[in-house]
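# Inside the fold
Now for the letters of each chain:
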Amino acid sequence: MTPRIFTYRPPAAALEIIFQDDAYLAINKPSGLLSNPGRDPVTHDCALTRLQARFGEIHLVHRLDCDTSGVLVFAKTKAAESALKKQLQYRQVAKTYEALVWGLLAQPEGRIELPIGPNPDDRPLQQIDQSGKAAVTDYRLLQADGAAHWSRLSLAPQTGRTHQLRVHLNALGHPILGDAFYAHPEALAMHSRLCLHALTFSFEHFATGQSLTLSARNDF
């Protein structure tokens with residue numbers, strides 16, 4: 001197996017902050033920026049380190065794939081971090097995504113229930129694996145262009161497996177446009193970036209007990 005070469009060219013533009021209070025900070029993460037640093041020194045420039053350099057104490061709560069854009073939430077204190085991580089652990093957080101995918105769907109809405117596990121022959125890719133972990137994704141059609149052969153979907157993952165949305169849509173025969181990992185050449189060539197965006201993130205604020213929904217504009 002030939003290992004994949006990761007070429008990292010993070011966007012230089014300043015981060016767009018969409019929410020901030022004493023407990024949490026959220027950004028609209030651009031496509032191409034890592035959520036947190038990896039082992040290679042070149043990956044030090046990421047959303048987490050940029051925010052820490054600006055604000056000091058900032059804690060990573062969850063992640064988005066490097067090429068996925070959208071709502072990314074951080075905690076400003078350990079207590080806020082612990083509270084939100086617990087909500088994520090018990091699936092008390094609701095997320096929605098938007099994606100542009102290849103082709104026209106047979107059904108305007110539905111649920112994908114296919115287990116996912118690592119692809120041992122092509123890491124870090126994932127695959128449908130009947131011995132893998134349960135994974136559930138709800139989808140709904142927002143827009144379709146028959147001539148251009150693409151559809152815009154609203155996605156609501158009910159589980160949080162690695163690459164879940166990308167793997168599920170590819171298994172359905174509708175890979176996400178611009179997906180360098182899973183899309184076939186035609187779908188890959190249809191867009192210069194991965195067309196997957198974390199649109200909303202809803203959770204209970206640990207300090208106020210109130211429900212909070214954060215949203216980030218989408219640029220595709």
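Note: the structure precedes this text.
Residues numbered from 1 in each chain as written. Predicted model: local features only at pLDDT ≥ 70, side-chain atom pairs only at ≥ 80, totals over all residues. Heavy atoms only, no water.

## Considerations on the overall build of the chain
Helix and strand counts for the chain come out as four helices and twelve strands. The C-alpha atoms of the chain give 17 Å as radius of gyration, which agrees with the globular expectation for 220 residues (17 Å, within 12%). For the chain, the spread of C-alpha atoms along the three principal axes comes to 45 × 40 × 35 Å. Counting every position in the chain, which comprises 220 residues, the buried fraction comes to 46%. Long-range contacts, defined here as pairs at least 24 residues apart, represent 61% of the contacts in the chain between residues at least 6 apart. (Helix = DSSP H or I, 4+ residues; strand = E, 2+ residues; numbered from the N terminus. Rg over C-alpha atoms; globule rule 2.2 N^0.38 Å. Buried < 20%, exposed > 50% of the residue type's maximum accessible area, 1.4 Å probe, protein only. Contact = heavy atoms within 4.5 Å.)

## As for the nonpolar core
Counting 38 residues, the largest nonpolar core has Ile27, Phe74, Leu155, Ile176 and Leu196 as its most contacted members. Looking at this core, the elements with two or more residues in it are β2 (24-29), α1 (47-55), β4 (69-75), β5 (94-102), β10 (150-157), α3 (164-171) and β11 (196-204). What isoleucine 27 contacts, discounting residues up to four positions off in sequence, is Leu15, Glu16, Ile17, Ile18, Ala47, Leu51, Gly70, Val71, Leu72 and Phe74. Listed in part, the 16 residues of the second largest apolar core include Ala80, Phe201, Leu212 and Leu214. (Core = buried A, V, L, I, M, F, W, Y, C linked by side-chain atoms within 4.5 Å.)

## Re the pairing of β11
Along any regular strand the residues' side chains alternate between the sheet's two faces. The buried fraction of β11 amounts to seven of the nine residues, a majority that puts the element mostly inside the structure. The sheet contact formed by β4 and β11 spans two bridges and is parallel. Pairing of glycine 70 across the sheet is with alanine 198, part of β11. Of the strand pairs in this sheet, β11 and strand β12 (residues 211-215) are connected by five bridges, and their pairing is antiparallel. Across the sheet, the residue bridging to serine 202 is threonine 213, located in β12. Hairpin connection, β11 to β12: the antiparallel pair is bridged by six residues, and glycine 209 has positive phi, about 75°. (Pairing = 2+ DSSP bridges.)

## Observations concerning the side chain of glutamine 87
Relative to the elements of secondary structure, glutamine 87 occurs in helix α2 (residues 78-89). With relative accessibility at 9%, the residue glutamine 87 sits in the buried group. With near-sequence residues (within four places) excluded, glutamine 87 lies in contact with Gln92, Val93, Phe203 and Glu204.

## Remarks on the pairing of strand β9 (residues 136-145)
Where strand β6 (residues 109-113) lies against β9, five bridges are found, and the strand directions are antiparallel. Pairing of glycine 110 across the sheet is with tyrosine 139, part of β9. Connecting β9 to the next strand, β10, in antiparallel fashion are four residues, including histidine 149 with a positive phi near 65°.

## As for α1
Along α1, the residues that are buried comprise Ala47, Leu48, Thr49, Arg50 and Leu51. Residue glycine 56 follows α1 closely and has a positive phi angle near 90°.

## Quick look at the packing of aromatic side chains
Within this structure, the stated rule accounts for five aromatic pairs. For the ring pair tyrosine 24 and phenylalanine 206, a centre distance of 6.2 Å and an interplane angle of 85° mean the geometry is edge-to-face. Here tyrosine 24, found in strand β2, pairs with phenylalanine 206, found in the loop between β11 and β12; they are 182 residues apart in sequence, far enough to count as distant. Centre to centre, the rings of phenylalanine 201 and phenylalanine 203 are 5.6 Å apart; their planes meet at 65°, and the pair counts as edge-to-face. Considered together, phenylalanine 201 and phenylalanine 203 belong to a single accessibility category, that of buried residues. Site record: aromatic cluster; members linked through ring pairs are Tyr24, Phe201, Phe203 and Phe206. (Phe/Tyr/Trp six-rings, centres within 6.5 Å; stacked < 30°, edge-to-face > 60°.)

Treat this as a map of the structure, not an account of what it does.
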